[in-house]
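Structural overview for review
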Amino acid sequence: MQHVSVMPAETLEALQLRSGYSALDCTTGMGGHTRLLSSAVGPDGHVFACDTDSESLAMAKANCEGSPSPITFIHTPFSKARQALDALGAGLMDALLADFGTSMMHFQTPERGFSLMHDGPLDMRLDRTSEGPTAADLVNTLSERELADLIYTTGERRSRALARALVRARPVVSMKQFADAILAAVPRTGKLHPATLAALSLRIAVNSEYREIESLIDQLPSLVKPGGRVAFITFHSGEDLIAKTGTRRLAKEGKCRLVNKHVLIPTPEEVRRNPASRSAKMRVLEML
Ligand SMILES: C[S@@+](CC[C@H](N)C(=O)[O-])C[C@H]1O[C@@H](n2cnc3c(N)ncnc32)[C@H](O)[C@@H]1O
């Protein structure tokens, strides 16, 4: 399974890791950034690598075998990060990375139900051990109005028409049924599948993604030492707005300093090599 880690050089520059440091990778995914952090902290350092998806964690573990530093893999969502570290007796970290969203693995595995290109169950849970709701639960149980409001959260202007089409097509249990119901209501015009934004809205809701990011920001002073660095990588405007608002609030409260005035973005060369990086934005903080 391939996932190319975004902005690797910028991540290392942002986190200013040294030999012997401890680092928390909140989103280990396929383990690419985790390996990078491990090399930077070396055998005397320690990386704590978390993910809410236990299947990703298992792959990260395999991909990180032989890394220079000890790595502790932890199955936890952001909202329970401090609790998970407490259970291990781990104190404040020197640095923290969160590379938000999903990995390529989620889109390349049809049974996870993220991709409009492959058929599979309409699931979209990042943590398949959680009790739900799945995307199908939302599509089949919300009222048409609630569904339209949910779809509108990513700025989908045709949310009412899409919600009406989905309600008419119930029960919608597979990605193909979901994509076909929307295609029947809104014909394809440009490159983007007309269900793309609706699928993103469902994914964000199923995984409480915005609440999770807010919770991580709230926990930062209890996760990272004063002087320690934090790097956040976001991939769409809603995610970035949550990161921007939360980190500015923390800075106003005197708990951190915003290291860069503007967000950092991948170089044109990186975008050419890895088109999936094109929407990445990095925000860097120093804890006070
Ligand atoms: C963009 S991928 C990370 C890729 C990784 N940095 C790499 O180099 O392979 C995002 C990861 O964050 C995880 N994730 C998303 N929301 C999470 C949350 N609330 N708590 C913990 N992990 C989360 C996803 O399961 C996914 O594996």
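Each chain carries its own residue numbering, running from 1 in the direction its sequence is written. In view of the model being predicted, local features appear only for residues whose pLDDT reaches at least 70, and side-chain atom pairs are presented and counted only at 80 or more, with totals across whole chains, interfaces and linings using the full set of residues.

What the protein contains, in helices and strands, is 13 helices and seven strands. Atoms counted for the radius of gyration: C-alpha only. Globule rule: 2.2 Å times the number of residues to the power 0.38. Over its C-alpha atoms the protein spans a radius of gyration of 19 Å, differing by no more than 12% from the 19 Å that the globule rule assigns to 288 residues. Seen through its C-alpha atoms, the protein measures out along the principal axes to roughly 60 × 40 × 40 Å. Exposure classification rests on a simple neighbour count of other C-beta atoms within 10 Å of a residue's own: a residue reaching 20 or more is buried, one at 12 or fewer is exposed, and one in between is partly exposed. C-beta atoms are placed from the backbone. Looking at the protein as a whole, 46% of its 288 residues qualify as buried. Throughout, a residue-residue contact means that the two C-beta atoms, derived from backbone geometry, are no farther apart than 7 Å. At a minimum sequence separation of 6, the contacts of the protein that also span at least 24 residues come to 69%. A helix here means a DSSP run of H or I that spans at least four residues, while a strand means a run of E at least two residues long, and both kinds are numbered starting from the N terminus.

Here we come to the nonpolar core. A general feature of soluble globular proteins is that nonpolar side chains tend to end up buried together. Buried Ala, Val, Leu, Ile, Met, Phe, Trp, Tyr and Cys residues whose C-beta atoms connect them within 7 Å together make up a nonpolar core. With 52 residues, the main nonpolar core has Ala23, Cys26, Ala95, Leu96, Val230 and Ala231 as its most contacted residues. If near-sequence neighbours (up to four positions away) are discounted, Ala231 is found in contact with Thr11, Ala14, Leu15, Leu97, Met282 and Val284. Core analysis: the next-biggest nonpolar cluster, separate from the first, contains 29 residues, Leu147, Ala163, Phe178 and Ala179 among them.

Right, let's get into the site of the ligand. Around the ligand, the structure places 23 residues, and the nearest of them are Ser5, Thr27, Gly29, Gly32 and Glu212. We call Asp, Glu, Lys and Arg charged. Ala, Val, Leu, Ile, Met, Phe, Trp, Tyr, Cys and Pro are nonpolar, and the rest, Gly among them, are polar. Of the residues in the shell around the ligand, the class split is six nonpolar, 13 polar and four charged. Each residue receives a C-beta atom placed from its backbone. It is near a molecule or strand if this atom lies within 6 Å of it.

This part takes up the domain arrangement of the protein. Here the domain parsing of the protein yields domain 1 (8–105 + 209–287) and domain 2 (128–206). Boundaries of every domain are those given by an automatic assignment or by a domain database. Computed over C-alpha atoms, the centres of domain 1 and domain 2 are 30 Å apart.

Turning our attention to the pairing of strand β1 (residues 22–25). Neither face of β1 is open: one carries Ser22 and Leu24, the other Ala23 and Asp25, and all of them are buried. The pairing of β1 with strand β2 (residues 46–51) spans four bridges and is classified as parallel. Residue Ser22 lies in a different strand from β2, and its bridge partner there is His46. Two strands pair under a simple rule: DSSP has to find at least two bridges between them.

The next subject is helix α2 (residues 32–41). Residues that lie three or four places apart on an α-helix share one face, since the helix turns once every 3.6 residues. With nine of 10 residues buried, α2 lies mostly within the body of the structure. Buried within α2 are the following residues: Gly32, His33, Thr34, Arg35, Leu36, Leu37, Ser38, Ala40 and Val41. For α2, the secondary structure elements touched by its buried residues are α1 (8–15), β1, β2, α3 (54–63), β3 (71–75) and β4 (93–99). Positive backbone phi, at 65 degrees, marks Gly42, one or two positions downstream of α2.

Let us now look at the environment of Gly91. Along the chain, Gly91 turns up in the loop between α4 (81–87) and β4. Judged by C-beta crowding, with 11 C-beta atoms within 10 Å, Gly91 ranks as exposed. Note: C-alpha distance between Gly91 and Ala280 (189 residues apart in sequence) is 30 Å.

Time to look at unusual backbone geometry. Here the bond from Gly132 into Pro133 is cis, since omega is 0 degrees, no more than 30 degrees from zero. Cis peptide bonds are those with omega within 30 degrees of zero, and the linkage from Arg170 to Pro171 qualifies with -5 degrees. A positive phi angle, close to 45 degrees, is found at Met7, a residue other than glycine. Position of Met7 among the secondary structure elements: in the segment before α1. Residue classification places Met7 among the buried positions, given that 23 C-beta atoms sit within 10 Å. For Ser208, which is not a glycine, the phi torsion comes out positive at approximately 45 degrees. As for its position among the elements, Ser208 is in the loop between α10 (196–206) and α11 (209–223). Look at Ser208 and you get partly exposed, because 16 C-beta atoms sit within 10 Å.

Moving on to the sheet that holds strand β5 (residues 224–234). Pairing is mixed across the open sheet formed by seven strands, whose spatial order is β3-β2-β1-β4-β5-β7-β6. Unpaired on one side and paired on the other, β3 and β6 (256–258) mark the two borders of the sheet. The mean inter-strand angle of the sheet, taken between neighbouring strand axes irrespective of direction, is 20 degrees. Where β4 meets β5, six bridges bridge the pair, whose relative direction is parallel. Bridge pairing in β5 places Ala98 opposite Phe232. Most of the contacts of α1 go to β5, to which it runs at about 160 degrees, and overall it touches β1, β4, β5 and β7 (281–287). Axes here mean lines fitted to C-alpha atoms, for a helix over just the part in contact, with angles spanning 0 to 180 degrees between N-to-C directions. The strands that α2 touches are β1, β2, β3 and β4; relative to β2, the one it contacts most, it runs at about 165 degrees.

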